[in-house]
Amino acid sequence: MDNNSFNNDIHLKLEELLTYSQGNLSNKEMHRLELHLIHCDLCNDALDGVAMVREPVLLKNISSIKEQTSTKSSINIAISGRQWLALAASIVLIAAVSAIFYFLPATDDTILAENSSKEIDLPVAVDDPPQEIKINEDSLNLIALREDSLLALAVTPARQNTTNQVAASEVIEEKAKGLSVADLSSEIAELDTILDTSLLVVTPVQALDVEDLKTEEDKAMVSRSKKAAVPAAGVESAELTEVVTLDIDKEEASNYLAPVPEKGRKVYNRYLKRSLKYPAAATENNIEGEVVLVLTINTFGSITNIDIVQSLGFGCDEEAMRLVRDGPKWIAASLDNAAIADKVMVSVPFNL
Amino acid sequence: MRIFKGISVKTTDRELVNKYRHTSDPDYVAELYNRYVHLIFSVSLKYLKVKEDAEDISLKIFEVMQEKLTTQDIENIGGWLHTVTKNQCLMHLRLVSNTQKKEDEYANFMEIGTNTHHSSEIDIESNLSKLEECIKSLVNEQKKCIELFYKQEKCYKEVVNLTGYELKKVKSFLQNGKRNLAICMAE
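Parameters and conventions
- Residues numbered from 1 in each chain as written.
- Chains lettered and ligands numbered in written order.
- Predicted model: local features only at pLDDT ≥ 70, side-chain atom pairs only at ≥ 80, totals over all residues.
- Helix = DSSP H or I, 4+ residues; strand = E, 2+ residues; numbered from the N terminus.
- Buried ≥ 20, exposed ≤ 12 C-beta atoms within 10 Å, placed from the backbone.
- Contact = placed C-beta atoms within 7 Å.
- Axes fitted to C-alpha atoms, helices over the stretch in contact; angles between N-to-C directions.
- Parallel < 35°, antiparallel > 145°, perpendicular 65-115°, else oblique.
- Nonpolar A, V, L, I, M, F, W, Y, C, P; charged D, E, K, R; others polar.
- Arc of directions from axis to C-beta.
- Core = buried A, V, L, I, M, F, W, Y, C linked by C-beta atoms within 7 Å.
- Left-handed = near helix turned anticlockwise from the far one by under 90°.
- pLDDT = per-residue confidence, 0-100.
- Pairing = 2+ DSSP bridges.

**What about the overall build of chain A?**
Part 1 of the reasoning: Counting its secondary structure elements, chain A contains 12 helices and nine strands.
Part 2 of the reasoning: Taken over 352 residues, chain A has a buried fraction of 26%.
Part 3 of the reasoning: Here the contacts in chain A between residues at least 6 apart in sequence split such that 75% fall between residues at least 24 apart.

**Description of the overall build of chain B**
Part 1 of the reasoning: The secondary structure content of chain B amounts to 10 helices and zero strands.
Part 2 of the reasoning: Starting at the N terminus and walking to the C terminus, you meet the elements of chain B as α-α-α-α-α-α-α-α-α-α.
Part 3 of the reasoning: Looking at chain B residue by residue over its 187 residues, the buried ones come to 34%.
Part 4 of the reasoning: Counted over contacts in chain B with a minimum sequence separation of 6, partners at least 24 positions apart contribute 59%.

**Regarding the packing of helix α8 (residues 140–151) of chain B against helix α10 (residues 167–186) of chain B**
Packed helices, taken two at a time, are described by the angle between their axes plus the distance between the axes.
Residue and element names in this part refer to chain B.
Part 1 of the reasoning: At a minimum axis distance of 8 Å, the contact between α8 and α10 shows a crossing angle of 95°. What the angle tells us is that α8 and α10 run roughly perpendicular. Along its contact with α8, which presents Glu141, Gln142, Cys145, Ile146 and Phe149, the element α10 presents Val170, Phe173, Leu174, Asn176, Gly177 and Asn180.
Part 2 of the reasoning: Here the contact of α8 with α10 is composed, by residue class, of six nonpolar, four polar and one charged.

**Observations regarding the interface of chain A and chain B**
Part 1 of the reasoning: Listed per partner, the contact involves 35 residues of chain A and 38 residues of chain B.
Part 2 of the reasoning: Mapped by element, the contributors of at least two residues to the side of chain A that touches chain B are α1 (14–22), α2 (27–37), α3 (41–50) and α4 (55–124) of chain A.
Part 3 of the reasoning: Counting residues per element, the side of chain A that touches chain B draws most heavily on α4(A), at nine residues.
Part 4 of the reasoning: When grouped by side-chain class, the residues that make up the side of chain A that touches chain B number 17 nonpolar, 12 polar and six charged.

**What about helix α10 (residues 265–275) of chain A?**
All names here are of chain A.
Part 1 of the reasoning: Burial in α10 covers these residues: Tyr268, Asn269 and Leu272. Along α10, the residues classed as buried sweep out an arc of 95° about the axis, all on the same side. Opposite its buried face, α10 presents the exposed residues Lys266, Val267, Arg274 and Ser275, each directed more than 90 degrees away.

**A few points about the nonpolar core**
Part 1 of the reasoning: If you look at the biggest cluster of nonpolar residues, it comprises 54 residues, and the most contacted ones within it are Cys43(A), Ala46(A), Val29(B), Tyr33(B), Ile40(B) and Cys145(B).
Part 2 of the reasoning: Counting residues per element, this core draws most heavily on helix α2 (residues 26–48) of chain B, which supplies 14 residues.
Part 3 of the reasoning: Not counting residues within four places of it along the chain, the set of residues in contact with Cys43(A) comprises His11(A), Leu12(A), His36(A), Leu37(A) and Leu39(B).
Part 4 of the reasoning: In this structure, Tyr268(A), Leu312(A), Leu323(A) and Met345(A) belong to the second largest nonpolar core, which totals 23 residues.

**Section: the packing of helix α3 (residues 51–68) of chain B against helix α4 (residues 77–96) of chain B**
Residues and elements named next belong to chain B.
Part 1 of the reasoning: Packing of α3 against α4 brings their axes to within 10 Å, and their N-to-C directions diverge by 125°. Judged by the inter-axis angle, α3 sits oblique to α4. Judged by the sense of rotation from one axis to the other, the crossing of α3 with α4 is right-handed. Seen from α3, the contacting residues are Asp53, Ile57, Lys60, Ile61 and Val64; seen from α4, they are Val84, Thr85, Gln88, Cys89 and His92.
Part 2 of the reasoning: For the contact of α3 with α4, a count of residues per class yields five nonpolar, three polar and two charged.

**Considerations on the confidence of the model for chain B**
Residues and elements named next belong to chain B.
Part 1 of the reasoning: On average, residues of chain B score 80 in pLDDT, and 81% of them are at 70 or above.
Part 2 of the reasoning: Model confidence for chain B, summarised as mean pLDDT per element, is weakest for helix α6 (residues 116–126) at 50 and strongest for α2 at 91.
Part 3 of the reasoning: pLDDT under 50 marks residues 111–120. Its contacts with residues more than four places away, or in other chains, come to 14 contacts.
Part 4 of the reasoning: Across the whole predicted complex the pTM is 0.42, and at the interface the ipTM reaches 0.72.

**Digging into the sheet that holds strand β7 (residues 333–335) of chain A**
Residues and elements named next belong to chain A.
Part 1 of the reasoning: With antiparallel pairing, three strands are arranged side by side in an open sheet as β2-β7-β8. Taken across any chain shown, the strands that pair with only one partner, and hence form the sheet edges, are β2 (256–257) and β8 (338–340).
Part 2 of the reasoning: For β7 and β8, the ladder comprises three bridges, and the chain directions are antiparallel. Bridge pairing in β8 links Ala333 to Ile340.

**Observations regarding the pairing of strand β5 (residues 303–310) of chain A**
Residue and element names in this part refer to chain A.
Part 1 of the reasoning: Pairing analysis gives six bridges linking strand β4 (residues 289–297) to β5, with the strands arranged antiparallel. Looking at β5, one finds that Val292 is bridged to Gln310.
Part 2 of the reasoning: Once β4 ends, the chain turns through five residues before running back antiparallel as β5, passing Gly301 with a positive phi of about 85°.

**Here we look at unusual backbone geometry**
All names here are of chain A.
Part 1 of the reasoning: Unlike most non-glycine residues, Phe314 shows phi in positive territory, near 55°.
Part 2 of the reasoning: With respect to the helices, strands and loops of the structure, Phe314 is situated in the loop between β5 and α12 (316–326).
Part 3 of the reasoning: According to the C-beta neighbour criterion, Phe314 is partly exposed, with 19 such atoms within 10 Å.

**Re the confidence of the model for chain A**
Detailed conclusions should not be drawn from predicted coordinates in areas where pLDDT is low.
All names here are of chain A.
Part 1 of the reasoning: Chain-level statistics for chain A give a pLDDT mean of 66 and a share of 51% at 70 or above.
Part 2 of the reasoning: Per-element averaging of pLDDT across chain A places helix α8 (residues 220–233) at the bottom with 40 and β4 at the top with 90.
Part 3 of the reasoning: Counting contacts from residues 74–79, a segment whose pLDDT is below 50, to residues more than four positions away or on other chains yields three contacts.

**Here we look at the environment of Leu33(A)**
All names here are of chain A.
Part 1 of the reasoning: By the element assignment, Leu33 lies in helix α2.
Part 2 of the reasoning: Along the chain, Leu33 and Ile10 lie 23 residues apart, while their C-alpha atoms are 9.6 Å from each other.
Part 3 of the reasoning: Ignoring sequence-local partners within four residues, the contact set of Leu33 consists of Leu12, Glu16 and Tyr20.

Listed below in structure tokens is the structure:
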């Protein structure tokens, strides 16, 4: 009796399964495996299964499973990566705000001098305060918006605000001409606090303007995906519902071509609809909606990475990934006639 | 990443299970799954006979492992995985086929995972003289097969050639003989 005969912890390796099944082993080696097989149902059943398909098929399926389970864990990393971005962005925001606070005292006097006439006029123009309040609210909203989604495109609203502001102050000044200076100066003291806060709020609007443009470039990934979602929602882009290019920035550049499916988008969308195997779990639970994926297309037009942007669960994510993976090839994106690796967003609709 | 977590080829299955139970870190399950994925897939293939379905079930098993291993302390991973995989396959077959017939065919396969034979084997090892007596008490065919397989270390094929029994018979003689031995030893 040899001790190894009771060593039941070592299950058959893939190569052992295959060689045993094909009978390519010496009697001694076969005996060694059989010592395990005699009591291991797992390996016994596995052997029966291995005998049912050809070796390359088996290997292909197993590596496909491994790939899918490893992408699952990389999705986790991708999400935590996004959280990182959000964290970094809020740090940048806090830094920007504190920088404004820091530099404010230095410019305070000059701004005061410049704005004094305007600010003094404010209380006098009784009809107009709503406008001033509006500006403050708008800029506050902007800050809130930015914190929420990193997407506060302050450019246009900020411009409006400043033109509003100028227009308002002009009107105010005209009205103020009729009043005595003494009346006004008495009210300056009371307004000191208000003045301080309004200054604070007005300046960030302009500061944010620049700040946003900068962070927009830095956080291109985040804002891009959000931006891309916007045209998807639009009615006019009916044909684009499933395939939306991510890089609008690049598209604006002169010679940029987005990645496209080899046979065109219409064919690709038809493929998605026809080849979809509705997951049983989703059917049972009446799950409908869409799974949004971001594919990385390398310079050869193959998919090198799939990230799930919008998940549906119940096996739909896996099905969407399978469809895309097994689906038609892509034509790589190009910039100035040279192929480049790029990302593209694909949404797979699930309708019962 | 993996080095930081102390995952290597030498890490035993038990250690992986324990670490996962304490940390809930999916990397440990992923490693464990990778060690068994070929077996899980092959077993699924045996029962489902369709490779796409077998692949789906294999992926499902990964989820089951992630879920169950946090709460259950499983000693015999191989046995447990076999039971889980088989049951998942049978559940899938039930779901797919509405015909009662197939269900009946497989219903008696459903079982609860056991790892009884492991403890009994340790007993066998510790008491060799008693074992000799027990072997003598076996039915003739079982005795023959057991002696050829364990004592002379012949493989199934050789046992078949030497005894003239069919392969299926040899396997069943060996398995039954082994079980009888365990019972005999426990007495």
